[in-house]
Amino acid sequence: MTKDTSSEKPKKLREEDIASPKGMRDILDKEYYAYQGFFEKAAEIASYYGFRPIETPILEREAVFTSSLGVGTDIRDKEMYTLKTKGGDHLVMRPEGTAGVMRAYLENGMQALPQPVMLYNYGPYFRHENPQRGRLRELRQFGLEILGTSKSIADATIIRAMTLILDEAGFKNLSVEINSIGDKECRSGFIRELTSYYKKQIDALCPNCKDRIRTNPLRLLDCKDARCQEIKIKAPTPIDSLCNDCRHHFKEVIEYLEEMGIPYHINKNLVRGIDYYTRTVFEIIEIDTAPPVEGAEVSTPLSLGGGGRYDLLAKSLGSKKDVPAVGGAIGVDRVIMSPSHKPINPRILKKPKVYFIQLGNEAKLKSFGIIEVLRKAHVPIAQSLSKDGLGQQLAIAERSGAPFTIIFGQKEALDNTIIARNMETRSQETVKLADLPDFVKHLKDELR
Ligand SMILES: [Zn+2]
Ligand SMILES: [Zn+2]
């Protein structure tokens, strides 16, 4: 790196001019495999439970989110990356997965399929928030959605599949924080009660909550500001105002959790402030890192995932019919970065069985044919394309841990042979290229 040269050439690039954007990062090597392994395992579990894959665009029209997430939510008001295309379209880098999946469900006529439709998806999401503990601006989520049913078993299935996936990824002490925030029957009454309670104490509230009374009163219940904690404890909670149907639905969800032995905690203040949520809302936390503390100013544990029922979303996206649905997503970055995470090897990751040494031009020209014979026999190799000394290459082969080395030098290239060297016994044999497929078969048996 050179010193600041702004005095000479004003346009010279500085390191920060091309650095990856704040809160976004490269994923390399072992970490890449960890993400891939997690996704494969998650997709496998989802498939066993009957979910099918879907991928939606990373960009959606702005209205998909502005009409559904709700005014007064951080994710909609402050955190969306929006852009105007040259054609004049207003697009958003998707900040979450559910609205896009519902959009796809409606647009592709999935109402005509046998209901419910069960979908899983995986990919990046974008939120312009302050990067901090476990929060990135480009984040990766694994999402599960069940669309087209209001049955409580769907809520339970989402929670079950998510906790199973986390369990397989090494998280053994999970707890589900769960609440019901009611539906359109019972929620408006509750909101009136809540706002009138808060209006009486408005002077004591933090500035955010003063706004929330007007913009998004449910969010009053998850304020973390010290000033609001006393008031919050005595505030009315949605669960105490549920109508009979909602109460019954919630009771059934809890019964399923009991039956499955999934530890849970009814958190009366959990609201997950997005407008489309109805009835069940939940977050999955790790108990070890987050002992339950009674009282005010609890630093909320990082949730590994969360979700809820969203019976109102379809209509907010223009559907004439209600589409009752429920879903959840796992924050994969948090999973990968957690000390509890046990990486799962992806299927594509293979230990090299053969270290392949090619020396000289003649050998290099013919080397591709040999690698193809090995690939077709499913024998993964390691090689060094630029080193030309046998000693040097053998040293690398030794370190690679591959049980066999194939040496293909100038002489072998002319004779149409290779030398196969057993790295453990150090015995070598010469094999004719014509006999290579048979030899590789025999090699595979030996490697088993
Ligand atoms: Zn507050
Ligand atoms: Zn209700």
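Residues numbered from 1 in each chain as written. Chains lettered and ligands numbered in written order. Predicted model: local features only at pLDDT ≥ 70, side-chain atom pairs only at ≥ 80, totals over all residues. Heavy atoms only, no water.

**A few points about the pattern of salt bridges**
Side chains bearing opposite charge may pair, as long as their charged atoms lie close to each other. Within the structure shown, the criterion is met by 28 salt bridges. Residue Asp222 pairs with Arg219 through a salt bridge whose shortest N-O separation is 3.0 Å. Across the pair Lys376 and Glu372 runs a salt bridge, and its minimum N-O distance is 3.9 Å. In this pair, Lys376 and Glu372 are both assigned in helix H12 (residues 361–376), 4 residues apart and thus about one turn of the helix distant. What makes Glu372 partly exposed here is its relative accessible area of 31%. Taken together, the shared-partner salt bridges connect Glu40, Lys41, Glu44, Glu168 and Arg347 into one network. (Salt bridge = Lys/Arg side-chain N within 4 Å of Asp/Glu carboxyl O. Helix = DSSP H or I, 4+ residues; strand = E, 2+ residues; numbered from the N terminus. Buried < 20%, exposed > 50% of the residue type's maximum accessible area, 1.4 Å probe, protein only.)

**Topic: the side chain of Thr278**
Note that Thr278 resides in strand S9 (residues 278–286). Look at Thr278 and you get buried, because its relative accessible area is 1%. Setting aside residues up to four positions removed in sequence, Thr278 forms contacts with Ile181, Gly182, Asp183, Arg187, Arg309, Tyr310, Asp311 and Leu312. (Contact = heavy atoms within 4.5 Å.)

**With respect to the environment of Arg426**
As for its placement among the helices and strands, Arg426 is situated in the loop between strand S15 (417–422) and strand S16 (428–432). Separated by 22 residues in sequence, Arg426 and Phe404 have C-alpha atoms that sit 9.3 Å apart. For Arg426, the residues in contact, after removing those within four places along its chain, are Glu398 and Arg421. Side-chain polar atoms of Arg426 contact the side chain of Glu398, separated by 3.2 Å. (Polar contact = N/O pair within 3.5 Å; in protein donor to acceptor, adjacent residues only side chain to side chain.)

**Observations regarding the environment of Asn130**
Here Asn130 is to be found in the loop between strand S5 (117–126) and strand S6 (138–147). Classification of Asn130 by relative accessible area gives exposed; the value is 53%. Those residues within four positions of Asn130 in sequence are excluded, and the remaining contacts are Lys22, Arg135 and Arg137.

**A few points about helix H1 (residues 29–48)**
End to end, H1 covers 29 Å across 20 residues, agreeing with the expected 28 Å (1.5 Å per residue, within 8%). All of the buried residues along H1 are Ala34, Tyr35, Gly37, Phe38, Glu40, Lys41, Ala42, Ala43, Ile45 and Ala46. The inward-facing, buried residues of H1 abut S5, S6, helix H5 (152–168), strand S11 (325–331) and helix H11 (332–337). Downstream of H1 by a residue or two, Gly50 has a phi angle that is positive, lying close to 95 degrees. (Expected span 1.5 Å × (residues − 1).)

**With respect to the coordination of the zinc ion (ligand 2)**
Those donors, Asp183 (OD), Cys186 (SG), Cys243 (SG) and Cys246 (SG), are the protein atoms that reach the zinc ion (ligand 2), and they lie 2.2 to 2.3 Å from it. In this structure, the zinc ion (ligand 2) is coordinated by 4 donor atoms arranged in tetrahedral fashion, with angles at the metal of 91 to 126 degrees. Read N to C, the donor residues that coordinate the zinc ion (ligand 2) are spaced as D-x2-C-x56-C-x2-C. One end of the pair, Asp183, is in the loop between strand S7 (174–180) and helix H6 (184–199); the other, Cys246, is in helix H9 (residues 244–260), with 63 residues separating them in the sequence. (Donors = N, O, S within 2.8 Å, 3.2 Å for Na, K, Ca; no water. Tetrahedral: all angles 85-135°; square planar, octahedral: opposite > 155°, others 65-115°.)

**Quick look at the coordination of the zinc ion (ligand 1)**
Ligation of the zinc ion (ligand 1) by protein atoms is provided by Cys206 (SG), Cys209 (SG), Cys223 (SG) and Cys228 (SG), these donors lying 2.2 to 2.3 Å from the ion. Relative to the metal, the 4 donor atoms surrounding the zinc ion (ligand 1) lie at angles of 104 to 116 degrees, and the coordination shape comes out tetrahedral. Taken in sequence order, the residues that donate to the zinc ion (ligand 1) follow the motif C-x2-C-x13-C-x4-C.

**Regarding the side chain of Arg421**
Mapped onto the elements of the fold, Arg421 is located in strand S15. Here Arg421 is buried and forms no salt bridge, its nearest opposite-charge partner Glu398 lying at an N-O distance of 5.4 Å. Only 2.8 Å separates the side chain of Arg421 from the side chain of Gln428, close enough to count as a polar contact. Sequence-distant contacts of Arg421, defined by excluding residues within four places in its chain, comprise Leu394, Pro403, Phe404, Thr405, Ile407, Arg426, Ser427 and Gln428. (Lys, Arg positive; Asp, Glu negative; His and termini not counted.)

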